[in-house]
Amino acid sequence: MDETKYGWWLPVDVSVHGARIDQLISVVHWFMLLLFVGWGAFFVYCLIKFRARDGHQATYNPVKGIFTKYIEVAVVVIEVFVLFGLSTPVWFAYKNHPPAEKDAVTIKLVAEQFAWNFHYSGKDGKFGRTDSSLMSGDNPLGLDPDSPEGKDDIVTVNQMHIPVHKPVIIQITSKDVIHSFNIPVLRVKQDTIPGQRIPIWFEATQTGHFELACAQLCGLGHYRMRADVFIDSPEDYAKWEADNTPPPAEAPAAEAPPAPEAPAVPAPEAK
Ligand SMILES: [Cu+2]
């Protein structure tokens, strides 16, 4: 993983939609800093101004001042603006504009304690049938081996490969408890809810090796529930896909080699 992309501040943003989110985070934090310093200074001013001293008793009565009232109203107005004027439009712009499925790479993700199982549809673009009754240690997604669409599917654990400059839609769900799918560099975070398939999307702007972390305390192994995120160039992605696609004619190929051997073995026995 490229550790240099993570530091004390926000990690590098490698998503198309992330800039507006970062801008929002920045506005909110500067505003909070202003409030913190402003109200802190006001608090210290009150401590000094109304303290007990020689010939003067400490006062606890509310002081009616028109100036602080103006400040309070201004803070409320700014907060309403931050919420409805800045945050809501950013949220709507992202949530109301999912990429078209035909232009995107669609991946299914099933989270479990404590791993991320990715399911790629493979070359045919169709996901094989999955069934929870088929789930096992070797088959974490319960992929039906008889499903024709599933023959070329790719299943990975804790490894996510995506192409750069192409929208990606991930249909996320969970096997057991609520987890949270969080890739900080892509500015995406979404809870994974058992029984629900929730789409989340993004488009990466640069290649690299990053990290996906579970952002919801989900059990004793939560701390190690992470995955490697590889944002590949189109060529590297195609190569990865080709290298990891199960051999297309797996069943006939497996039967074919024993066939020539088969006569050879009984032959000596026959003699
Ligand atoms: Cu988790």
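From a predicted model like this one, the values you see are computed outputs, not experimental measurements. (Residues numbered from 1 in each chain as written. Predicted model: local features only at pLDDT ≥ 70, side-chain atom pairs only at ≥ 80, totals over all residues.)

Peer 1: I keep staring at the sheet that holds strand 7 (residues 188-192) and nothing clicks. Help me out?
Peer 2: An order of 4-10-9-6-7 is seen for the five strands of this open sheet, with the pairing classed as mixed. Strands with a single pairing partner mark the edges of an open sheet, and in this sheet they are strand 4 (159-163) and strand 7. On average, each strand axis in the sheet is inclined to that of its neighbour by 25°, with strand direction left out of account. As defined by bridge partners, strand 6 (residues 179-183) adjoins strand 7 across five bridges and the pair is classed as antiparallel. Residue pairing in the sheet places Asn182 in a bridge with Lys189 of strand 7. (Pairing = 2+ DSSP bridges. Helix = DSSP H or I, 4+ residues; strand = E, 2+ residues; numbered from the N terminus. Axes fitted to C-alpha atoms, helices over the stretch in contact; angles between N-to-C directions.)

Peer 1: Help me out: how do you make sense of the domain arrangement of the protein chain in this one?
Peer 2: By a frequent convention, interface size equals the accessible area lost on bringing the separate parts together. Taken domain by domain, the protein chain consists of domain 1 (10-95) and domain 2 (101-247). A C-alpha centroid distance of 40 Å is found between domain 1 and domain 2. Opposite the nine residues of domain 1 that make contact, domain 2 presents 11 residues. By residue class, the composition of the side of domain 1 that touches domain 2 is five nonpolar, three polar and one charged. (Domains from an automatic or database assignment. Contact = placed C-beta atoms within 7 Å. Nonpolar A, V, L, I, M, F, W, Y, C, P; charged D, E, K, R; others polar.)

Peer 1: Can you help me understand the pairing of strand 5 (residues 167-174) in this one?
Peer 2: In regular strands, side chains alternate between the two faces of the sheet. Of the two faces of strand 5, only the one carrying Val168, Ile170, Ile172 and Ser174 is buried; Pro167, Ile169, Gln171 and Thr173 on the other face are not. In the sheet, strand 1 (residues 105-112) pairs with strand 5 via seven bridges, with the strands oriented parallel. Its bridge partner lying in strand 5, Ala111 is registered against Ser174. Of the strand pairs in this sheet, strand 5 and strand 8 (residues 198-203) are connected by six bridges, and their pairing is antiparallel. Across the sheet, residue Ile170 finds its bridge partner in strand 8, namely Ile200. (Buried ≥ 20, exposed ≤ 12 C-beta atoms within 10 Å, placed from the backbone.)

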